[in-house]
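Chain and residue survey
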Amino acid sequence: MDSKPPTPTIEAAHRDQSEGLPFTDTRDFADADRGFIAAQQPCVIKAADGRVVWDNDVYAFLTGDAPTTVHPSLWRQSTLAAKQGLYEVVDGIYQVRGFDLSNITFVEGDTGIIVIDPLVSTEVAAAALALYRQHRGDRPVVAVIYTHSHVDHFGGVLGVTSQADVDAGRVAVLAPEGFTAHAVQENVYAGTAMTRRAGYMYGTVLARGPQGQVGCGLGQTPSTGEVAIIVPTVDIRETGETHTLDGVEIEFQMAPGTEAPAEMHFYFPRYRALCMAENATHNLHNLLTLRGALVRDPHGWAGYLTEAIDTFADRADVVFASHHWPTWGKDRIVEFLSLQRDLYAYLHDQTLRQLNQGYTGIEIAEDFAMPPALENAWHARGYYGSVSHNVKAVYQRYMGWFDGNPARLWAHPPEAIGPRYVKAMGGLDRVVESAREAFDSGDFRWAATLLDHAVFTDENHSAARELYADTLEQLAYGSETATWRNFFLAGATELRDGNFGTPVQANSSAMVGQLSPEQMFDVLAISVNGPRAWDLDLAIDVTFLDAAVNYRLTLRNGVLVYRKLAADESTAQATVRLANKLRLLTLATGDSSSPGLEITGDADVLTSLVSVLDKPDPDFNIITP
């Protein structure tokens with residue numbers, strides 16, 4: 001079947017969706033180019049083994065008018081986000097953009113530089129630092145600041161400094177209070193499932209091009225090199241707290257529970273420059289990301305933006321963030337931050353208003369209208385987070401998954417409900433025929449619903465799979481939200497080519513190594529196969545020799561509980577002495593013979609525990625049973 005879009009349908013949809021948008025406003029292009037110093041040629045970055053971990057040149061197709069296969073507004077955003085190179089924000093502050101999903105910023109001090117948010121991976125951060133030094137001199141790194149606890153803002157830290165330099169006190173690492181706990185929890189606890197879905201969200205395996213991945217709205221895509229973490233040496237705890245690094249004073253504003261659980265903004269009086277982390281960027285962000293996360297608080301988010309305006313706007317000549325391009329001039333800064341604030345406040349308040357009138361999340365989202373000032377502000381468009389799924393997230397935050405209708409309280413799962421729908425509609429061939437009628441009329445949402453049931457009835461039905469893939473492709477071509485486009489195209493890819501699994505590592509050894517003993521026990525508890533462990537009643541002492549601390553583990557009713565207690569061989573069935581916390585992880589994988597482990601008591605108890613630990617599946621199915 002021809003998978004090319006039915007051009008008149010898509011063109012008509014694009015005209016409807018783009019009508020009234022201010023395409024003649026080119027200020028973003030001027031701002032994105034302002035301060036340009038040099039590009040990386042070619043912008044292809046490789047790991048030591050020759051593997052390509054970043055290729056920005058593959059987006060060279062982003063030029064000229066939008067093709068019919070990409071929403072014109074998204075094409076505009078992707079063209080802007082694909083710009084790469086070294087840029088001057090103000091004299092003394094420089095950014096490298098287009099080397100990763102995020103930006104890296106260099107702030108010049110008296111003798112060296114302060115690095116803000118060193119990207120996702122080591123290789124791209126090192127390349128960005130090299131580009132900066134090529135044009136600004138070989139200044140040493142004296143400090144690193146993590147704005148918040150997402151991996152694209154710390155994972156490349158080893159590309160700009162080393163653990164040895166931090167340990168020696170030559171480099172300070174600053175982050176908001178709670179940073180490390182939140183960083184490792186998000187990347188480890190549910191890391192396998194989130195990373196699998198992130199492959200859909202970012203379109204990691206999709207071909208780059210007008211019929212494939214064109215970016216993700218926030219940037220182009222994450223790099224795929226070495227991910228690491230260095231634990232902060234300075235925790236920022238209070239709004240108004242100031243620190244001076246290499247002669248540069250920094251004034252901090254805490255913003256927890258916004259775009260990340262641990263996040264902060266900060267201001268440089270020397271440069272009259274305000275960094276807004278990821279709370280004010282040139283798109284509508286996510287209140288609940290499609291890869292999965294805790295639901296964020298748009299009310300608090302808006303409140304911190306108001307506080308930032310009141311605290312810093314009168315003193316700032318530029319506002320910059322860890323994505324996209326800066327905004328210059330007091331009036332434009334106030335306008336930008338105010339509209340960003342109103343964006344999250346409006347989503348919150350109007351969703352609450354309507355849910356209190358009895359509407360459900362899906363009903364509110366269907367006809368949710370934004371005010372004209374926000375509808376026509378390019379930086380408020382839903383390239384990364386959509387109005388639709390953000391409204392549903394607000395509903396979920398307050399009301400949960402259940403919409404109150406008792407018929408939906410105990411619904412069948414997809415593999416059970418699909419065959420029932422298909423039977424009621426007259427069988428698979430009739431369902432596919434109905435889906436074809438919907439497809440031909442341009443009702444792709446209904447076609448996708450029908451074909452979802454068909455595929456969950458018979459995943460090998462070739463006509464259903466082919467039409468379903470074509471349908472998702474059409475939904476992608478009409479989507480202004482890059483993450484929706486990527487989800488639709490990723491689903492189409494798996495229907496045609498099979499499960500592509502998780503294209504990047506769920507969590508790095510460096511990340512796992514920063515888990516506290518308590519967090520490592522949490523990982524074990526999450527891994528216990530409850531039904532297989534129902535009949536076990538275990539008590540094990542685990543002693544970490546390097547920290548001289550003991551934990552009592554008990555496993556009863558399929559629940560692993562840990563307490564920090566003194567070791568007691570009279571009540572423990574077994575005592576495990578480990579050289580360090582990392583040895584616990586190797587033990588959990590079944591390694592009981594390597595050095596660094598001593599077991600006394602009943603060793604079979606430990607075997608019983610390990611035998612009920614499940615390994616996560618990074619290749620679970622999403623679009624098929």
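Being a predicted model, the structure only gives us computed values, none of them experimental. (Residues numbered from 1 in each chain as written. Predicted model: local features only at pLDDT ≥ 70, side-chain atom pairs only at ≥ 80, totals over all residues. Heavy atoms only, no water.)

**Thoughts on the overall build of the chain**
In terms of regular secondary structure, the chain is built from 22 helices and 21 strands. The C-alpha atoms of the chain give 26 Å as radius of gyration, which agrees with the globular expectation for 625 residues (25 Å, within 12%). Along the longest, intermediate and shortest principal axes, the C-alpha atoms of the chain span 75 × 70 × 55 Å. Here the chain, with 625 residues, has 54% of them falling under the buried criterion. Sequence-distant contacts in the chain: of pairs separated by 6 or more residues, those separated by 24 or more amount to 71%. About 25400 Å² of surface is accessible on the chain, with carbon and sulfur atoms providing 51% of the total. Of the charged side chains in the chain, 47 are positive and 79 negative; the average position of the first set lies 1 Å away from that of the second. (Helix = DSSP H or I, 4+ residues; strand = E, 2+ residues; numbered from the N terminus. Rg over C-alpha atoms; globule rule 2.2 N^0.38 Å. Buried < 20%, exposed > 50% of the residue type's maximum accessible area, 1.4 Å probe, protein only. Contact = heavy atoms within 4.5 Å. Areas by Shrake-Rupley, 256 points an atom, 1.4 Å probe, with all protein chains shown as cover. Lys, Arg positive; Asp, Glu negative; His and termini not counted. Charge placed at Lys NZ, Arg CZ, Asp CG, Glu CD.)

**Section: the packing of helix H9 (residues 330-355) against helix H12 (residues 387-399)**
Their axes nearest at 9 Å, the elements H9 and H12 cross at an angle of 60°. In this view, H9 runs oblique relative to H12, as classed from their interaxial angle. Crossing angle aside, the handedness with which H9 passes H12 is right-handed. On H12, the residues touching Leu-347, His-348, Thr-351, Leu-352 and Leu-355 of H9 are Val-387, Asn-390, Val-391, Val-394, Tyr-395, Tyr-398 and Met-399. Residue composition of the contact of H9 with H12, by class: 9 nonpolar, 3 polar and no charged. (Axes fitted to C-alpha atoms, helices over the stretch in contact; angles between N-to-C directions. Parallel < 35°, antiparallel > 145°, perpendicular 65-115°, else oblique. Left-handed = near helix turned anticlockwise from the far one by under 90°. Nonpolar A, V, L, I, M, F, W, Y, C, P; charged D, E, K, R; others polar.)

**Things to note about the sheet that holds strand E9 (residues 172-176)**
Strand order in the open sheet made by the 8 strands is E1-E4-E5-E6-E7-E8-E9-E10, with mixed pairing throughout. Whereas interior strands pair on both sides, the edge strands pair on one side only; in this sheet they are strand E1 (36-38) and strand E10 (234-236). With direction set aside, neighbouring strand axes in the sheet form an average angle of 25°. Along the sheet, helix H4 (residues 122-136) makes contact with E1, strand E4 (85-90), strand E5 (93-97), strand E6 (104-108), strand E7 (113-116) and strand E8 (141-145), crossing E6 at roughly 35°. (Pairing = 2+ DSSP bridges.)

**Some thoughts on the side chain of Glu-278**
In this structure, Glu-278 sits in the loop between strand E14 (273-275) and helix H8 (298-312). No salt bridge is formed by the buried Glu-278; the nearest opposite charge belongs to Arg-296, separated by 6.3 Å. Here His-285 takes part through its side chain, which lies 2.5 Å from a polar atom of the side chain of Glu-278. Other than its neighbours up to four places away in sequence, Glu-278 contacts His-148, Asp-152, His-153, Leu-218, Glu-259, Glu-263, His-285, Trp-301 and His-323. (Salt bridge = Lys/Arg side-chain N within 4 Å of Asp/Glu carboxyl O. Polar contact = N/O pair within 3.5 Å; in protein donor to acceptor, adjacent residues only side chain to side chain.)

**Side note on helix H22 (residues 603-611)**
The complete set of buried residues in H22 reads Val-605, Leu-606 and Leu-609. For H22, the angular spread of the buried residues around the axis is 100°, confining them to a single face. Facing away from the buried side of H22 by more than 90 degrees, the exposed set consists of Asp-604 and Thr-607. Buried residues in H22 make contact with strand E17 (537-544), strand E18 (549-556), strand E19 (559-564), strand E20 (574-578), helix H21 (582-588) and strand E21 (597-601). Where H22 starts, the residue carrying a side-chain oxygen 3.0 Å from the main-chain nitrogen of Asp-604 turns out to be Asp-602. (Arc of directions from axis to C-beta.)

**Structural notes on unusual backbone geometry**
With an omega dihedral of -10°, the bond running from Gln-41 to Pro-42 counts as a cis peptide bond. Checked against the element boundaries, Pro-42 lands in the loop between E1 and strand E2 (44-46). The phi dihedral of Asp-246 falls on the positive side, at around 50°, and the residue is not glycine. Residue position: Asp-246 is located in the loop between strand E11 (242-245) and strand E12 (248-254). Of note in the backbone geometry, Ala-548 takes a positive phi value of approximately 55° without being a glycine.

**Section: the UniProt feature "domain: Metallo-beta-lactamase" (unreviewed entry) in the chain**
UniProt's feature table lists "domain: Metallo-beta-lactamase" (unreviewed entry) at residues 101-323, given in the numbering used throughout. As annotated, residues 101-323 has a helix share of 25% and a strand share of 20%, and its two end C-alpha atoms lie 8 Å apart. (UniProt positions renumbered as here; feature names shortened; annotations may be inferred.)

**Let's talk about the sheet that holds E20**
Read from one edge to the other, the open sheet built from 5 strands follows the order E19-E18-E17-E20-E21, with strand pairing classed as mixed. Two strands in the sheet have a free side with no partner beyond their single neighbour: E19 and E21. Along the sheet, successive strands turn relative to each other by an average axial angle of 20°, direction set aside. The pairing of E20 with E21 spans 5 bridges and is classified as antiparallel.

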